[in-house]
Amino acid sequence: MDLDSDQKEVVEMGLQSYGNLLAHLETEDPSEAACKVKEELESFENATLNIAITGETGAGKSSIINAIRGVGHEDENAAATGETETTRKPTPYPHPTYPQVTFWDMPGVETPDFQIDQYPEKVNFDSYDFFIIIASERFKSSHAKLAREIRGMGKKFYFVRSKVDADLYNAKRQRPSTYKEEKILEMIKENCIQHLEAEGMTSSKVFLLSSFDLEKYDFHDLVDTLEHELPSHKRHAFLLSLPNVSPQTLQKKKEALKQQIWKLALLSGAASGGMAAIPGSHSKSLSLAFNVPILLKCMRDYSKSFGLEDNSLEKLAQHSGKSVNDLKAVIKTPLAKDLTVKYVWELLSQTVFSEYCGKVLSVSCALTAGGISYSTTSFTLHRFLDAVAEDAQRIREVVLEEEGKKIYITAVNRP
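Residues numbered from 1 in each chain as written. Predicted model: local features only at pLDDT ≥ 70, side-chain atom pairs only at ≥ 80, totals over all residues. Heavy atoms only, no water.

A tally of helices and strands in the protein chain yields 18 helices and six strands. Within the protein chain, the proportion of its 415 residues that are buried is 49%. If you take every contact in the protein chain between residues at least 6 apart in sequence, the share linking residues at least 24 apart comes to 71%. For the protein chain, the accessible surface area stands at approximately 20500 Å², while carbon and sulfur atoms represent 50% of it. (Helix = DSSP H or I, 4+ residues; strand = E, 2+ residues; numbered from the N terminus. Buried < 20%, exposed > 50% of the residue type's maximum accessible area, 1.4 Å probe, protein only. Contact = heavy atoms within 4.5 Å. Areas by Shrake-Rupley, 256 points an atom, 1.4 Å probe, with all protein chains shown as cover.)

As structure tokens, then:
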């Protein structure tokens, strides 16, 4: 089957992109380029991120940790919650999917064992990349002192006002006729800023959060701020660890993964190009075979990242009230455990690059073979990543539908 003009254009663009990448990496040797890219990929995969969650006792530190990690309070690896101080020492809570991202539940400040002047040394401030300072009511002198200690060590900190859902609920019960959510949130934030300024913390930004409604209020603003201020490797780790609570977080996660695809594609291109240089190795199957291990690993990682695996779906079903079968019914891609070499080969056979590969390999050079493999990997990963992100959004819509029913039932049955 001959390629039509549009298909040929796609192939030529892929080959050109491959050549341009080699030029950008200042080499004409694909194997040398692959070494550079492999080192960078490994640095991203191995990047660690340690986030300290601190504040006064009862501020909701543990609840925020559980919410950001996508963990329920009754789950086995949940941070302990309670109004009394449950944390006696910095306690690590690794992310369930990305364990290199660790949230540290810090002891409450200004407790008998952790006075502010001894706090930095006792909890080892140097160990953390940044700090989230939480208050559930007003910010006090202890929060300002803590922030100054953190700033003095050259670290970043972010003020978070927690439990705003409770404030809104109380306000609505007390003054239902004049209740305006936006106005109340504005007043809460302004009050926080005023108290911080009174303690000498000028130009402070405060993020309003609820651990029960994480996707609401200022969570996305906080994510945007961290995305802007974190170094690239740690930013990547942070974005992948985001919970799938909104279209915005799903999109950020997808874009973070997409930014790495060209590197993965270049690795497969270099491997195929090297094989094409060996006499007698010009076969479509052998060339594309170098794509399969990379594709299979990445697809499984993508599925896990978006919660498309049995364990994640079972927990989501338990928390949402939907059955696992209801959630699986809207998923169009295979779950992580069901992704196989056979499935990857089926995807590869559907690409225009696969058709072109068999036609040119008998006369191709290593650069052309590498370009075809690069383009095949890139195209396939982009398409699969889009598909799993869409699956995650469909699951989210099913859960929201169930939550909407619960809210409606509660409202109609309220006396």
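Another point: the packing of helix H8 (residues 219-229) against helix H10 (residues 247-258). Interhelical geometry of H8 versus H10 gives an angle of 20 degrees and a closest axis separation of 10 Å. When the interaxial angle is binned, H8 and H10 end up roughly parallel. Regarding H8 and H10, the two cross each other, and that crossing is left-handed. Contact residues: H8 offers Phe219, His220, Val223, Asp224 and Glu227, while H10 offers Gln248, Thr249 and Lys252. (Axes fitted to C-alpha atoms, helices over the stretch in contact; angles between N-to-C directions. Parallel < 35°, antiparallel > 145°, perpendicular 65-115°, else oblique. Left-handed = near helix turned anticlockwise from the far one by under 90°.)

Another aspect to go through is the side chain of threonine 333. If you trace the backbone, threonine 333 turns up in the loop between helix H15 (324-328) and helix H16 (341-349). Within the structure, the side chain of threonine 333 is placed 2.6 Å from the side chain of aspartate 391, a separation counted as a polar contact. Contact partners of threonine 333, with chain neighbours within four places excluded, come to Leu308, Phe384, Ala387, Val388 and Asp391. (Polar contact = N/O pair within 3.5 Å; in protein donor to acceptor, adjacent residues only side chain to side chain.)

A separate point is the pairing of strand S2 (residues 91-94). Pairing of S2 with strand S3 (residues 101-105), which is carried by four bridges, proceeds in the antiparallel orientation. Across the sheet, the residue bridging to threonine 91 is aspartate 105, located in S3. The hairpin turn running from S2 into S3, its antiparallel successor, is six residues long. (Pairing = 2+ DSSP bridges.)

Under the defined criterion, the tally for this structure stands at seven aromatic pairs. For the ring pair tyrosine 128 and phenylalanine 131, a centre distance of 5.7 Å and an interplane angle of 75 degrees mean the geometry is edge-to-face. Measuring from centroid to centroid gives 5.2 Å for phenylalanine 139 and phenylalanine 159, while their planes differ by 70 degrees, and the two rings are edge-to-face. Remark: phenylalanine 159 occurs in strand S5 (residues 156-161) and phenylalanine 139 occurs in the loop between strand S4 (130-135) and helix H5 (141-152); sequence separation between them is 20 residues. We classify phenylalanine 139 as buried; its relative accessible area is 1%. Between lysine 253 and the ring centre of phenylalanine 306, over which it is positioned, the NZ or CZ distance is 5.7 Å. (Phe/Tyr/Trp six-rings, centres within 6.5 Å; stacked < 30°, edge-to-face > 60°. Lys NZ or Arg CZ within 6 Å of the ring centre and 35° of its normal.)

Looking now at the pairing of S5. Most of S5 is tucked away: five of the six residues are buried. The pairing of S4 with S5 spans six bridges and is parallel. Of the residues in S5, the one forming a bridge with isoleucine 134 is valine 160. After leaving S4, the chain enters H5 and then returns to the sheet as S5, a path that is right-handed. (Right-handed = clockwise from strand over helix to strand, strands pointing away.)

Here we take up helix H14 (residues 310-320). Within H14 the residues assigned to the buried category are Leu313, Ala317 and Ser320. Along the long axis of H14, the arc covered by the buried residues comes to 80 degrees, so they all point the same way. Count one or two residues on from H14 and you reach glycine 321, which has phi positive near 90 degrees. (Arc of directions from axis to C-beta.)

What follows covers the pattern of salt bridges. Under the definition given, this model contains 15 salt bridges. The network of salt bridges with shared partners includes Asp310, Lys328, Lys337 and Asp338. (Salt bridge = Lys/Arg side-chain N within 4 Å of Asp/Glu carboxyl O.)

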